[in-house]
Amino acid sequence: MTKTRITIALILTVFTTIFTGCTKDDNTNENIIKLEDAILTDFPLVGITPVSINIKQPTIVDNEEIVFGEINIVVPSIVSLKEIASITTSTELNLSKFSILPNDLSLLNYETQNHIYTIVNALNESEELLHYIVNIKHEIVPTPTTLTITDFRFEASKNAQLTNDVTIEKRVDDLDKQTIYLFVPTGTDFSNLTPTATFDAEEVFYTQESSVPTVDVNTVYPSTETSFDFTYPKRFIIVLKDNTSNRVKWVDVFVDVKNPVEIKNTDITTPDITSTASSSTFRGITSWKNVGNHVLSFRSVTTYENKVPNSDLNFITARRNFTSMGLAPKESANINVTVIKDLPKGEYKSTAVFYTKFANHEATNDVIEQAKLNVTTNVLN
């Protein structure tokens, strides 16, 4: 009988021990916090709508935090970084189990540093579970381009026919259009010039067809060394675009020479004349030629200098012939010389100073060089 009681007692003891052990393990498992449950799903800011927010979750291995998480936030440039507060709701974190430090509405300065937020046990805030390094920066606002050709030149090293670099002589702006002027030496082959250019624009295109609308120009300006034909009547147009601000600028590249007028004979002597009651005119006594790259037209009246004898009277005058359309490149026209009547016997000299302009490009008037014709005439009696 005694033996039976001992056996029953042992069985009860073992059962109790097993039951108690199981109950203790179950309670222990229930009290273990899973760190994956403590991660933040968002990080709202008080009164600020971020431009962007990127959350990199902490690295967790075997329910232990190995690497802190990161929260990188970009805010509008007008937002002050001196006093920024966050607010966490149950949407971002299970607040029945976890809390976040610093507390909601704590104002922190992010101008020069970042801050660490800590997820803690809601029942024991000294128990740190996860950490997030929070970094808040201003958005980088793109600086609008100036839609400018910052440099455009013909380098001697890239153009064998040049001895020196040719740079922009003048710029003329007209709303969304600009003209840049470059002047090469007389005799330059306009059909074979290699420019070097830099731009302040998002996109750069070009065309040599002036009839193409700006919006339809889609040939990308080459990034490699390229030779172009600038010979009249071709045009060279660069289109600068800034898609951010939806702006476009049309730039006309004008290439020519500063002395486009070539006189066949710069020193002429008229046939001898006699003093008569009428003026003497010598038609086509010489000619002038457009050795430039654009149409030339009349600029202003001819002036006279170096007169012999010295006088306020223009006893010799010269006149260049012009067509109604001007003188195109490589075209020539006559120069007529007139000697006034009733001159006393003697030798007369005068230098005619001709003023020319590029048609429709008055901005170059102060750049074009004058052309001069020296005339000598002898009055016999």
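Residues numbered from 1 in each chain as written. Predicted model: local features only at pLDDT ≥ 70, side-chain atom pairs only at ≥ 80, totals over all residues. Heavy atoms only, no water.

Novice: Where do I start with a nonpolar patch on the surface in this structure?
Specialist: A grouping of Val-46, Ile-87 and Leu-105 is seen on the molecular surface, where their side chains present a nonpolar patch of about 240 Å² in accessible area. Within the element layout of this structure, Leu-105 appears in the loop between β5 (98-101) and β6 (115-121). Using a relative accessible area of 54% as the deciding quantity, one classes Leu-105 as exposed. (Patch = residues over 30% accessible without salt bridge, like charges linked within 9 Å, V, L, I, M, F, W, Y side chains within 5 Å. Areas by Shrake-Rupley, 256 points an atom, 1.4 Å probe, with all protein chains shown as cover. Salt bridge = Lys/Arg side-chain N within 4 Å of Asp/Glu carboxyl O. Helix = DSSP H or I, 4+ residues; strand = E, 2+ residues; numbered from the N terminus. Buried < 20%, exposed > 50% of the residue type's maximum accessible area, 1.4 Å probe, protein only.)

Novice: I would appreciate a short explanation of the side chain of Thr-188 in the present structure.
Specialist: Take Thr-188: it is sitting in the loop between β10 (177-183) and β11 (195-200). A distance of 2.6 Å separates the side chain of Thr-188 from the backbone oxygen of Pro-185, its partner in a polar contact. Apart from residues lying up to four places away in sequence, Thr-188 is in contact with Gln-161, Leu-162 and Leu-193. (Polar contact = N/O pair within 3.5 Å; in protein donor to acceptor, adjacent residues only side chain to side chain. Contact = heavy atoms within 4.5 Å.)

Novice: Just to check I follow, could you spell out the environment of Thr-303 for this structure?
Specialist: In this fold, Thr-303 is placed in strand β18 (residues 296-308). Owing to a relative accessible area of 33%, Thr-303 belongs among the partly exposed residues under this scheme. In this structure, the C-alpha to C-alpha distance between Thr-303 and Ala-352, residues 49 residues apart in sequence, is 6.0 Å. For Thr-303, the residues in contact, after removing those within four places along its chain, are Thr-351, Ala-352, Val-353 and Tyr-355. A polar atom in the side chain of Thr-303 sits 2.9 Å from the side chain of Tyr-355.

Novice: Explain the packing of aromatic side chains here, please?
Specialist: Think of a pair of aromatic rings as described by two things: how far the centres are apart, and how the planes are tilted against each other in angle. Scanning the model with the defined rule gives 17 aromatic pairs in all. Taking 5.5 Å as the distance between ring centres and 25° as the angle between the ring planes, the aromatic pair formed by Tyr-206 and Phe-236 counts as stacked. Of this pair, Tyr-206 sits in strand β12 (residues 203-207) while Phe-236 sits in strand β13 (residues 236-242), and the two are 30 residues apart along the sequence. With respect to burial, Tyr-206 and Phe-236 carry one shared label: buried. Plain terms: the ring middles of Phe-230 and Phe-236 are 4.8 Å apart, the flat faces sit at 40° to each other, and that makes the pair tilted. Three or more aromatic residues joined by ring pairs form one cluster here, namely Phe-152, Phe-154, Phe-199, Tyr-206, Tyr-221, Phe-228, Phe-230 and Phe-236. In this structure, Arg-320 is placed above the aromatic ring of Trp-288, and the distance from its NZ or CZ to the ring centre is 4.9 Å. (Phe/Tyr/Trp six-rings, centres within 6.5 Å; stacked < 30°, edge-to-face > 60°. Lys NZ or Arg CZ within 6 Å of the ring centre and 35° of its normal.)

Any functional reading would require information beyond the geometric quantities listed.
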